[in-house]
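Structural overview
One letter stands for each residue in the lines below.
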Amino acid sequence: GEAFRRTLPGTLDTDGDATTVPMKTPPPSPVLPAAAVVLAFVAMAVANYLVTDNNLGAVKFTNTEIAHTHPVYGLPIGWAFAIWGIIYTLEGLFVVYQALPFQRFGGLREPSYAKIRGPVLALFAANSAWLFLFGYEVYWASQVVILVYDALLFVVLRRLDVNQLSSRRSAASKLAAAAFSANASWVTVASCLGIQVVLLDEGWLPSPDFAIGLLVVAVAVACAATFEYSDPVYAAVAAWALGGIIANQADASEFGCKSQICPACLAAAIPICSRDDTSARDGRPNGFAPLDCDSYTESSPDECVVAKSASVVGWAYAGIGCVAFALAAGLVRGYLRRQAEKRAPRPQPPFLEDVPSTPASGDSP
């Protein structure tokens, strides 16, 4: 529509008439987008509940059952997935705050939130879609969706563009950045994990070297994000994920063992459980029919058919070190930036820069 025009008191043009300054069309109301974000988050929470128990009938297999029957080298140990509780809590705080209309303690009209509500809606929808695709073993489609999901998370972080040590970013912006950086950090590692699950389902358990290559990618992304945004949240979640991978390769872990594979196979008829092992690589089976899980009991002697990898452990430790170094460098950079912000004058709002100056009394045009 046409731009509104405003008369500025005391501002005259050369003819003595009041000067008018064009004003931008007011932004659309944020109420509907904010409500949509709330509904999308609730739908995502419901989807997560539905896929945790296959007795509910929402999916064929739970994430846990698929993880236990697809022991790939990029898989963190079970307790590491508890990080989702923190991620969803942070996102829940953002979702509630961005919908509050209060002038002082509400984020409904927070400018930074207006820029991210669209991609946030899309990534919540992608999360929900991935849960069902993965639970029905539509692995290739689920992999495409999780990559889109991950990309949307980085779109949000880029639009927020929050350095956690900046003095010129609001607490509301930093809350949103913390929530979605935690999510992005984990989902980047999960995307690398998903590639390995897809390949195992196709009949090839990726080698430790293949998993290490993917870890290098995830660590490189973590280092870049941690340094750019001086972001301890991204760094902490990345280190947590790498620590989970290390723990899953420990001698005491049931990774790739009959005691973990067979209970999942007995609970659900996952195709890989009845598939013959045709792999030519020792310690890297592509099917678990030889385990004869139908006769398995808790008192059965355990057998680990997937070899653990010391090289994966070593590279994961190196990755934690790289992320820690990137965080230290990012915090130093953020501190120096904060000091520079304190010394520099704050930029004027754009509408003030556009206002023509009033001619001094007695000046001729």
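Quick summary incoming for the structure in this document. Model, not experiment: these values are computed from the prediction.

Scoring rules and cut-offs
- Residues numbered from 1 in each chain as written.
- Predicted model: local features only at pLDDT ≥ 70, side-chain atom pairs only at ≥ 80, totals over all residues.
- Heavy atoms only, no water.
- Helix = DSSP H or I, 4+ residues; strand = E, 2+ residues; numbered from the N terminus.
- Buried < 20%, exposed > 50% of the residue type's maximum accessible area, 1.4 Å probe, protein only.
- Contact = heavy atoms within 4.5 Å.
- Areas by Shrake-Rupley, 256 points an atom, 1.4 Å probe, with all protein chains shown as cover.
- Expected span 1.5 Å × (residues − 1).
- Arc of directions from axis to C-beta.
- 1 Å grid on protein atoms, 1.4 Å probe; cavity = no way out; pocket = protein on both sides within 12 Å on 5 of 7 lines; lining within 4 Å.
- Points joined across faces, edges and corners; volume = space filled by probe spheres on them.
- Nonpolar A, V, L, I, M, F, W, Y, C, P; charged D, E, K, R; others polar.
- Salt bridge = Lys/Arg side-chain N within 4 Å of Asp/Glu carboxyl O.

**So, the overall build of the protein chain**
Assigned secondary structure in the protein chain consists of 12 helices and 2 strands. Residues counted as buried form 46% of the 365 residues belonging to the protein chain. When contacts within the protein chain are restricted to residue pairs at least 6 apart in sequence, those whose partners lie at least 24 apart make up 73%. As displayed, the protein chain has an accessible area near 18,400 Å², and 64% of this comes from carbon and sulfur atoms.

**Describing helix H3 (residues 83-99)**
Because the α-helix completes a turn every 3.6 residues, residues three or four places apart line up on one side. For H3, with 17 residues, the first-to-last C-alpha span of 25 Å sits near the 24 Å given by 1.5 Å per residue. Residues of H3 that are buried include every one of Ile-83, Ile-87, Tyr-88, Glu-91, Gly-92, Phe-94, Val-95 and Gln-98, and no others. All buried residues of H3 project into a common sector of 165° when viewed along the axis, lining one side. Residues of H3 that are buried make contact with helix H1 (31-51), helix H4 (111-114), helix H5 (117-135), helix H7 (171-201) and helix H9 (232-248).

**A closer look at empty space enclosed by the protein**
Summed over the entire model, instances satisfying the criterion amount to 2 cavities of 30 Å³ or more. Considered as a void within the structure, the largest cavity measures approximately 50 Å³ in volume. Considering the residues around the largest cavity, the lining is formed by Ser-185, Thr-188, Val-189, Ala-218, Val-219, Ala-222, Tyr-234, Ala-238 and Leu-242. Among the residues making up the lining of the largest cavity, the classes are represented as 7 nonpolar, 2 polar and no charged. Lining of the second largest cavity is provided by Leu-157, Val-162, Gln-164, Ala-177, Ser-181, Tyr-229 and Asp-231. Considered class by class, the residues forming the lining of the second largest cavity number 4 nonpolar, 2 polar and 1 charged.

**Some words on the pattern of salt bridges**
Counted by the stated rule, this structure contains 3 salt bridges. Linking Asp-161 and Arg-158 is a salt bridge whose minimum nitrogen-to-oxygen distance equals 3.9 Å. A salt bridge links Glu-228 to Arg-333, with the nearest nitrogen and oxygen atoms 3.9 Å apart. On the criterion of sequence distance, the pair formed by Glu-228 in helix H8 (residues 208-229) and Arg-333 in helix H11 (residues 310-343) is long-range, its members being 105 residues apart. Assessed through its relative accessible area of 30%, Arg-333 is described here as partly exposed.

**Some thoughts on the layout of surface pockets**
Quantified by volume, the largest pocket comes out at close to 760 Å³. The wall of the largest pocket is formed by 38 residues, among which Asn-63, Thr-64, Phe-81, Trp-84 and Trp-130 lie closest to the centre. Of all elements in the fold, only H1, helix H2 (63-69), H3, H5, helix H6 (139-160) and H7 reach the threshold of two or more residues within the lining of the largest pocket. Top contributing element to the lining of the largest pocket by residue count: H7, with 8 residues. Looking at the lining of the largest pocket residue by residue, the class counts come to 22 nonpolar, 15 polar and 1 charged.

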